[in-house]
There are 2 protein chains.
Amino acid sequence: QDAAAGKARAAACAMCHGPAGIAAAPDTPNLAGQPASYIEEQLKAYRGGSRKHEVMSLMARPLSDADIANLAAWFSSIKVEATAPK
Amino acid sequence: QDAAAGKARAAACAMCHGPAGIAAAPDTPNLAGQPASYIEEQLKAYRGGSRKHEVMSLMARPLSDADIANLAAWFSSIKVEATAPK
């Protein structure tokens, strides 16, 4: 897993998921701080077709396992702090 | 949408997704600060079966549309700040 390579590979993701993994497009999840295993599982689901989305299915198709591991390392390396309303 | 009702309803979610939406269990996504529309879409997908997960399919089945709207309002009301590594 190489977070730096993941960050470079994530340039394509930034348009919707934002440069730091906070969603920049509507109906789009934040990826910042998500667990690496969860991100890997979802990218492989989109790549393999067990999870479908008009954009993500296309984005995931060309990804190698290394790409996926690096993307997961990158997004999970982003620290998130949550503040619930009182 | 009633975030307070959503917070109460989310007691059942806290075991895995954490009391403030930061995942407390492995391979589990953070829900804090996710867009309400995304959360609604995923809960309806689990409830309807277009998205499958051994736990979430069961958790989502009994949810009403109001439950889903309130849960989405609650989790999306949690502020998140992301700090990407340099």
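Residues numbered from 1 in each chain as written. Chains lettered and ligands numbered in written order. Predicted model: local features only at pLDDT ≥ 70, side-chain atom pairs only at ≥ 80, totals over all residues. Heavy atoms only, no water.

(A) Layout of the overall build of chain A. Scanning chain A for helices and strands turns up five helices and one strand. Mapped from its N terminus to its C terminus, chain A presents α and β elements in the order α-α-α-α-α-β. The C-alpha radius of gyration computed for chain A amounts to 13 Å, which stays within 12% of the reference 12 Å derived for 86 residues, consistent with globular compactness. Here chain A holds 86 residues, and the buried ones make up 44% of them. In chain A, 56% of the contacts between residues at least 6 apart in sequence involve partners at least 24 apart. Surface accessibility of chain A: about 4,500 Å² in total, with carbon and sulfur atoms responsible for 60%. Here chain A contributes 9 positive and 8 negative side-chain charges, whose respective centroids are spaced 1 Å apart. (Helix = DSSP H or I, 4+ residues; strand = E, 2+ residues; numbered from the N terminus. Rg over C-alpha atoms; globule rule 2.2 N^0.38 Å. Buried < 20%, exposed > 50% of the residue type's maximum accessible area, 1.4 Å probe, protein only. Contact = heavy atoms within 4.5 Å. Areas by Shrake-Rupley, 256 points an atom, 1.4 Å probe, with all protein chains shown as cover. Lys, Arg positive; Asp, Glu negative; His and termini not counted. Charge placed at Lys NZ, Arg CZ, Asp CG, Glu CD.)

(B) Geometry of the relation of the copies chain B and chain A. Note on the copies: chain B fits chain A at an RMSD of 0.0 Å, the axial shift is 0.0 Å, and the rotation between them is 180°. Taken together, these values place the two copies in the relation of a two-fold axis. Within chain B, the C-alpha atom positioned nearest to the axis of rotation is that of E81 of chain B, 2.6 Å from it. (Least-squares fit on C-alpha atoms with pLDDT ≥ 70 in both.)

(C) Representation of helix α5 (residues 65–76) of chain A in the model. Residue and element names in this part refer to chain A. In this model, α5 (12 residues) spans 16 Å end to end at C-alpha, consistent with the 16 Å of a helix rising 1.5 Å per residue. Of all 12 residues in α5, nine are buried; the element is thus mostly enclosed. Where α5 is concerned, the buried positions are D67, I68, A69, N70, L71, A72, A73, W74 and F75. The secondary structure elements touched by the buried residues of α5 are α1 (3–9) and α3 (36–48). (Expected span 1.5 Å × (residues − 1).)

(D) Fine view of helix α3 (residues 36–48) of chain B. Residues and elements named next belong to chain B. Taking 1.5 Å per residue as the helical rise, α3 with its 13 residues ought to reach 18 Å, and the 18 Å between its terminal C-alpha atoms agrees with that figure. Residues A36, Y38, I39, E40, Q42, L43, A45 and Y46 constitute the buried set of α3. Each element contacted by the buried residues of α3 is listed here: α4 (56–60) and α5 (65–76). Trailing α3 by a residue or two, G49 shows a phi angle of about 95°, which is positive.

(E) Layout of the interface of chain B and chain A. Each partner contributes residues to the interface: chain B has 25 residues there, and chain A has 25 residues. Between chain B and chain A, a total of about 2,200 Å² is buried, with carbon and sulfur atoms accounting for 52% of that surface. Across the chain B-chain A interface, the total number found is zero salt bridges. The interface formed by chain B and chain A holds 13 residue pairs in polar contact (both at pLDDT 80 or more) in total. Counting residues per element, the ones that place at least two in the side of chain B that touches chain A are α3 and β1 (79–83) of chain B. (Buried area = accessible area lost by both parts, 1.4 Å probe. Salt bridge = Lys/Arg side-chain N within 4 Å of Asp/Glu carboxyl O. Polar contact = N/O pair within 3.5 Å; in protein donor to acceptor, adjacent residues only side chain to side chain.)

(F) Quick look at the pattern of salt bridges. Residue and element names in this part refer to chain A. For the coordinates displayed, the defined rule picks out six salt bridges over all chains. Of the charged contacts, one joins D67 and R9 as a salt bridge, the two residues approaching to 3.6 Å between their closest N and O atoms. Taken as a pair, D67 in helix α5 and R9 in helix α1 lie far apart in primary sequence, 58 residues in all. Taking the relative accessible area as the measure of exposure, R9 reaches 29% and is therefore partly exposed.

(G) Highlighting the packing of α3 of chain B against α5 of chain B. All names here are of chain B. Close contact between α3 and α5 brings their axes to 8 Å; oriented N to C, the two are set at 140°. Here α3 lies oblique to α5, going by the angle between them. You can see that α3 and α5 cross each other, and the crossing is right-handed. For the pair formed by α3 and α5, the contact residues are A36, I39, E40, L43, K44 and R47 on the first element and D65, I68, A69, L71, A72, F75 and S76 on the second. (Axes fitted to C-alpha atoms, helices over the stretch in contact; angles between N-to-C directions. Parallel < 35°, antiparallel > 145°, perpendicular 65-115°, else oblique. Left-handed = near helix turned anticlockwise from the far one by under 90°.)

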